[in-house]
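Chain by chain, the residues:
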Amino acid sequence: MCEFCHEHGEGKKWYLQMKNYSEELLHADLTADQKAKVEAETRYQWTKRFWEGFVYPAITGAPNPSHYGFAEGPSVQTNKDEILAQRKTEHFGQVLPIEDVEKVIDMVDSITRMPCGCRYIHTGLADRRYCFGLGLDKWSILGKYPDAAASLEVLDKAEARKYFRHFDQEGLVHSIWTGVTPYVVGLCNCDRDCLAYDGYIIRRGLPQFFRAEYICQVDWDACTGCKNCMSQCQFGAMFYSSALGKINIDPHRCFGCGVCRAECPNDAIMLIPREAKPEVANEWLEETGG
Ligand code: SF4
Ligand code: SF4
Ligand code: SF4
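Here the structure is a predicted model, which means the values were calculated and not measured.

(A) Looking closely at helix H4 (residues 43–60). Taking 1.5 Å per residue, 18 residues should reach 26 Å; H4 reaches 24 Å between its end C-alpha atoms and fits that length. Maximal helix bending in H4 amounts to about 35 degrees, located at Trp 51. For H4, the tally of buried residues reaches 13 of 18 residues, placing the bulk of the element in the interior. Of the residues trailing H4, Gly 61 is marked for its positive phi of about 85 degrees.

Structure below.
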């Protein structure tokens, strides 16, 4: 279990706890420390600012403000521990396999599909709809911009599952995000255009998300060495052994996203709880070196 599970999930998966999606938490007053870190009085206030700064431009193609709705704090902090603490308080993620995404979809009241702010910032392309806001009243949160709010789709659970299955097949990594932890604001489908992935994995910066509560391993009796799965892995965790004629997964690089399974014709890849593999049971935030 990652530290959020211990702090916000009572030892169970933090993102499967209803209290972390509650209206009460969204509107509760923040502590003095939280207020200082996120520069808002409530999670609702923070979420509104974030949607206006990060999501609205991705809907309309409007210019991005410099801070995308985040608090200004991290840019003036130089201490790595302080920056990480700031991120964990304000907006932090975790990789989720499709099974847990579906559990979250089953739990929440509403799912709003919307454009991806990261892809807009990275590519300049607006309206790339890979983000899913959870429990979000689009009229309340984007009330200043009724046309933009109207353009967002509110999905039923079956529609949401269909999109996520499709993105899973495409090899997009599912992730879940807080808006002033532990409140859960959304589910994402990410690739190399994700700002968090870029900063953390490509540039080897400070972590922006936890690895999944799982890890993958290959059943060598079932693996034929076809290599179909390799193109799915965004973390450089899969290796082909020419001696064995099989795929190997480096557990220290595997983030447990599980999307490699979608391309295996032989069901040779299994997702197991991270805690079942002692050498990586406590690896949550280490860099991949990939
Ligand atoms: S975390 Fe992923 S889906 Fe969400 S905004 Fe960033 S790239 Fe888009
Ligand atoms: S090997 Fe690990 S990181 Fe790579 S796709 Fe599979 S589960 Fe994800
Ligand atoms: S797709 Fe399946 S069978 Fe093919 S190499 Fe990967 S694990 Fe082995």
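Don't stop here, the text continues.
(B) Molecular detail of the sheet that holds strand S6 (residues 184–190). If you walk across this open sheet you meet the 7 strands as S4-S2-S3-S6-S5-S1-S7, and the pairing is mixed. Every other strand in the sheet has two partners, leaving strand S4 (153–155) and strand S7 (209–210) as the edge strands with one partner each. Note: strand S3 (residues 131–134) against S6, 2 bridges, orientation antiparallel. By the bridge assignment for S6, Gly 133 is matched with Gly 186.

(C) Expanded view of the site of ligand 3. Near ligand 3 lie 14 residues; those nearest to it are Cys 223, Cys 226, Lys 227, Cys 229 and Cys 264. Taken together, the residues of the shell around ligand 3 break down into 8 nonpolar, 4 polar and 2 charged.

(D) Spotlight on the site of ligand 2. Around ligand 2, a shell composed of 13 residues is seen, among which Cys 233, Cys 254, Cys 257, Gly 258 and Cys 260 lie nearest. Grouping the amino acids of the shell around ligand 2 by side-chain chemistry returns 11 nonpolar, 2 polar and no charged.

(E) How the structure looks around the domain arrangement of the chain. Domain annotation of the chain identifies domain 1 (3–210) and domain 2 (214–280). Centre-to-centre separation of domain 1 and domain 2, based on C-alpha positions: 28 Å. Tallying the contact residues gives 22 residues for domain 1 and 12 residues for domain 2. Roughly 1,300 Å² is buried in total at the junction of domain 1 and domain 2, and carbon and sulfur atoms are behind 54% of that figure. Connecting domain 1 to domain 2 are 1 salt bridge. Residue Glu 99 is joined to Arg 261 by a salt bridge in which the shortest nitrogen-to-oxygen separation is 2.7 Å. Applying the counting criterion to the domain 1 and domain 2 interface returns 8 residue pairs in polar contact (both at pLDDT 80 or more). At the level of secondary structure, the elements contributing two or more residues to the side of domain 1 that touches domain 2 comprise helix H7 (98–107), helix H11 (157–169), strand S5 (173–178) and helix H12 (195–202). Residues belonging to the side of domain 1 that touches domain 2 are distributed by class as follows: 12 nonpolar, 3 polar and 7 charged.

(F) Layout of the pairing of S5. Burial analysis of S5 places 6 of its 6 residues in the buried class, which makes it a mostly covered element. Two elements, S5 and S6, share 6 bridges in a ladder whose sense is antiparallel. In the sheet register, His 174 faces S6, and the bridge partner there is Asn 189. Counted along the chain from S5 to the antiparallel partner S6, the turn is 5 residues long, and its residue Val 180 has a positive phi close to 60 degrees.

Rules and cut-offs
Residues numbered from 1 in each chain as written. Chains lettered and ligands numbered in written order. Predicted model: local features only at pLDDT ≥ 70, side-chain atom pairs only at ≥ 80, totals over all residues. Heavy atoms only, no water. Helix = DSSP H or I, 4+ residues; strand = E, 2+ residues; numbered from the N terminus. Expected span 1.5 Å × (residues − 1). Bend = angle between axes of the 7 residues up to and from the residue. Buried < 20%, exposed > 50% of the residue type's maximum accessible area, 1.4 Å probe, protein only. Pairing = 2+ DSSP bridges. Near = heavy atom within 4 Å. Nonpolar A, V, L, I, M, F, W, Y, C, P; charged D, E, K, R; others polar. Domains from an automatic or database assignment. Contact = heavy atoms within 4.5 Å. Buried area = accessible area lost by both parts, 1.4 Å probe. Salt bridge = Lys/Arg side-chain N within 4 Å of Asp/Glu carboxyl O. Polar contact = N/O pair within 3.5 Å; in protein donor to acceptor, adjacent residues only side chain to side chain.

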